[in-house]
Amino acid sequence: MELVEKTDQAQAELLKNFEEKINRGDAIEPKDKMPDAYRKHLIRQISQHAHSEVIGMQPEGNWITRAPSLRAKQILLAKIQDEGGHGLYLYSAAETLGISRDEMIQLLHSGKAKYSSIFNYPTLTWADIGAVGWLVDGAAIVNQVSLQRTSYGPYSRAMVRICKEESFHQRQGYEIMAKMMQGTKEQREMAQDAMNRLWWPSLMMFGPHDSESPRTSDAMKWRIKRHSNDELRQKFIDKTVQQAEVIGLTVPDKDLKWNEAKGHYDHGPIDWDEFYRVVNGNGPCNKQRMDHHIRVHNEGAWVREAAEAYRKKKENLN
Ligand code: FAQ
């Protein structure tokens, strides 16, 4: 009985210290004491973020062989490599919380871990590569700039580096769209078509409305999230609508209207049935994305084994 009381007391002390640290705005580092729920929340979010970066390489990789110029191909290759690198920083950040890369991949392959809904849509034309860079990286940056100040040190530091690269990604996408909008009628139509298909899925990247977001309350309390899903979505809409206007693209939302009183754009309803369909595995490319990841992961087993054998050999030599 006494032992139980002592344990409860120690737990309460731990929680108090942790909360004080969070409220002071100090970063939580891997060796700091933290509640298990905080650790699990972070493992979920960071690993899902990492999976998104890596799965996100697939829709873009689809266009490497068909990029319209050597310059475009070089840029696309560099961007996709960056996304792979972002995945690696993030897997490493998650590993500091006591989960292995293998476990995270198993959770992805068994369907228990999610990745961003946006990567379950196809990239049908070259303009889609522009739209992915402009809209998808644009949405990712808005979210990630906010995450630079997240409470977990390794996640926050990974975000600082990732944001620098994402802003180049967003600009290269916008350049593709701007160039196409200065081109032939067919090219302008292609750019508008990409915008029409990817606009709404980009808004869904920010997650459900705040009233429907079960994770937000803990995430805000622990300062993992610094802004809510709706706040970030609004920020993205406000800046992107203006960018669309500059190059002559129409946002496919008949209800979109500047609201002078709020100082923001009002927008039409998001199709949440579509969102949940895609998140639950029934989007246009979910099966293709997962099958590809599993196949390539299995094919790469020999590389992991060789790296492990090399590590062991070096360890024995030292
Ligand atoms: N897709 O309660 P909330 C990129 C899930 S990186 C799929 O609001 P939370 C770079 C959510 O996980 C893009 N699932 O959850 C790139 C939760 O399910 P769970 C990725 C979604 O965590 C560009 C449930 O719904 N960025 O694009 C989505 O507070 C180009 C309830 O939701 C990040 O991951 C969704 N869109 O807020 C790469 C940023 N939305 O886990 C290549 C970090 C929600 O309970 C090419 N993550 N869900 O089973 C976050 O900021 C947050 O986790 C949110 C969701 C905002 C995604």
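Located above this text is the structure these notes cover.
Rules used throughout
Numbering of residues starts from 1 in each chain and follows the order in which that chain's sequence is written. Totals for whole chains, interfaces and linings use all residues, but because this is a predicted model, local features are given only for residues with pLDDT of at least 70 and pairs of side-chain atoms are given and counted only at 80 or more. To obtain the side-chain values, all non-hydrogen atoms of the structure were included, while hydrogens and water were left out. Residue proximity to a molecule or strand is established when one non-hydrogen atom of the residue lies within 4 Å of it. The definition of a polar contact used here is a pair of N or O atoms within 3.5 Å, where within protein one atom must be able to donate a hydrogen and the other to accept one, and adjacent residues in sequence count solely through side-chain atom pairs. The accessible surface values rely on the Shrake-Rupley method and a 1.4 Å probe; as for residues, cover is taken only from the protein chains in view. In this description a helix means any DSSP run of H or I spanning at least four residues, a strand means any run of E spanning at least two, and both kinds are numbered starting from the N terminus. The classification used treats Ala, Val, Leu, Ile, Met, Phe, Trp, Tyr, Cys and Pro as nonpolar, Asp, Glu, Lys and Arg as charged, and all other residues, Gly among them, as polar. Nine residue types can take part in a nonpolar core, namely buried Ala, Val, Leu, Ile, Met, Phe, Trp, Tyr and Cys, and a core is a set of them joined through side-chain atoms within 4.5 Å. Under the scheme applied here, a residue whose accessible area is under 20% of the maximum for its type counts as buried, over 50% as exposed, and between as partly exposed, the area being computed with a 1.4 Å probe on protein chains only. Contacts between residues were defined by any pair of non-hydrogen atoms, one from each residue, lying within 4.5 Å. What counts as a ring pair is set by centres within 6.5 Å for rings of Phe, Tyr and Trp (its six-membered ring), and what kind of pair is set by the plane angle: stacked under 30 degrees, edge-to-face over 60, tilted for all other angles. Two conditions define a charge located above a ring, namely a distance within 6 Å from the ring centre to NZ of Lys or CZ of Arg, and an angle within 35 degrees of the ring normal. Axes here refer to lines fitted to C-alpha atoms; in helices the fit is confined to the stretch in contact. Angles between the N-to-C directions go from 0 to 180 degrees. Throughout, the term roughly parallel applies to angles under 35 degrees, roughly antiparallel to angles over 145, roughly perpendicular to angles from 65 to 115, and oblique to all others. In a left-handed crossing the near helix is turned counterclockwise from the far helix by less than a right angle, and in a right-handed crossing that turn is clockwise. Only one rule defines a salt bridge in this text: a Lys or Arg side-chain nitrogen within 4 Å of an Asp or Glu carboxyl oxygen.

**Regarding the site of the ligand**
Here comes step 1: Around the ligand, the surrounding shell holds 35 residues, and the nearest of these are Lys-114, Ser-213, Arg-215, Lys-225 and Asn-229.
Here comes step 2: Between an oxygen atom of the ligand and a side-chain N or O atom of Arg-44, the distance comes to 2.8 Å.
Here comes step 3: At 3.0 Å from an oxygen atom of the ligand is found a side-chain nitrogen or oxygen belonging to Gln-48.
Here comes step 4: Starting from 1100 Å² of accessible surface for the ligand in isolation, the protein chains cover 91%.
Here comes step 5: Every element with two or more residues in the shell around the ligand is listed here: α2 (36–55), α4 (70–95), α6 (126–147), α7 (153–181) and α11 (272–282).
Here comes step 6: Here the residues of the shell around the ligand sort into 13 nonpolar, 12 polar and 10 charged.

**A few points about the nonpolar core**
Here comes step 1: Formed by 51 residues in total, the largest nonpolar core has its most connected members in Trp-126, Trp-199 and Leu-249.
Here comes step 2: Secondary-structure elements contributing two or more residues to this core are α4, α6, α7, α8 (185–204), α10 (229–247) and α11.
Here comes step 3: Looking at which element gives the most residues to this core, the answer is α6, with 10 residues.
Here comes step 4: With near-sequence residues (within four places) excluded, Leu-249 lies in contact with Trp-134, Met-177, Met-181, Ala-191, Gln-192, Met-195 and Ala-244.
Here comes step 5: Formed by 27 residues, the second largest nonpolar core is a distinct cluster that contains Leu-42, Ala-94, Leu-147 and Met-159.

**Quick notes on unusual backbone geometry**
Here comes step 1: A positive phi angle, close to 55°, is found at Arg-223, a residue other than glycine.
Here comes step 2: Structurally, the position occupied by Arg-223 is in the loop between α9 (216–221) and α10.
Here comes step 3: By relative accessible area, Arg-223 is classed as partly exposed at 25%.

**Points about the environment of Met-34**
Here comes step 1: Topologically, Met-34 is positioned in the loop between α1 (2–24) and α2.
Here comes step 2: Classification of Met-34 by relative accessible area gives buried; the value is 14%.
Here comes step 3: On a C-alpha basis, the gap between Met-34 and Lys-314 in space is 35 Å, while along the polypeptide they are 280 residues apart.
Here comes step 4: Non-local contacts of Met-34, meaning those with residues more than four positions away in its chain, are made with Leu-14, Phe-18, Ile-28, Glu-29, Arg-39, Leu-97 and Tyr-152.

**With respect to the packing of aromatic side chains**
Here comes step 1: Taken as a whole and judged by the stated rule, the model has 9 aromatic pairs.
Here comes step 2: A centroid spacing of 5.0 Å and a plane angle of 75° characterise the contact between Trp-258 and Tyr-265, whose relative ring orientation is edge-to-face.
Here comes step 3: Centre to centre, the rings of Phe-275 and Tyr-276 are 4.9 Å apart; their planes meet at 75°, and the pair counts as edge-to-face.
Here comes step 4: Here Phe-275 falls in the buried class, since its relative accessible area comes to 7%.
Here comes step 5: Each member of the aromatic cluster is reached from another via a ring pair, and the members are Phe-18, Tyr-38 and Trp-222.
Here comes step 6: Here the guanidinium or amino end of Arg-66 rests over the ring plane of Trp-63, the centre of that ring lying 4.0 Å away.

**Here we look at the packing of α4 against helix α5 (residues 101–109)**
Here comes step 1: Closest axis-to-axis distance for the α4/α5 pair is 9 Å, and the angle between their directions is 110°. For the element pair α4 / α5, the angle class is roughly perpendicular. Our pair here, α4 against α5, has a crossing hand that is right-handed. Across from Leu-88, Tyr-91, Ala-94 and Glu-95 in α4, the residues of α5 making contact are Arg-101, Met-104 and Ile-105.
Here comes step 2: Across the contact of α4 with α5, the residue classes tally to 5 nonpolar, no polar and 2 charged.

**Quick look at the pattern of salt bridges**
Here comes step 1: Applying the stated criterion to the full structure yields 22 salt bridges.
Here comes step 2: Arg-71 is paired through a salt bridge with Glu-175; the nearest N and O atoms lie 3.0 Å apart. You can see Arg-71 sitting in helix α4 and its partner Glu-175 sitting in helix α7, a full 104 residues away along the chain.
Here comes step 3: With relative accessibility at 44%, the residue Arg-71 sits in the partly exposed group.
Here comes step 4: A residue is classified by how much of its surface remains accessible, and Glu-175, at 36% relative accessible area, is partly exposed.
Here comes step 5: Among the ionic pairs, Arg-197 bridges to Asp-193, the shortest N-O distance being 3.1 Å. Taken together, the residues Arg-197 and Asp-193, both in helix α8 and 4 residues apart, mark about one turn of the helix.
Here comes step 6: Taking relative accessible area as the criterion, Arg-197 reaches 26% and is therefore assigned partly exposed.
Here comes step 7: Overlapping salt bridges bring together Glu-60, Lys-79, Glu-83 and Asp-137 as one network.

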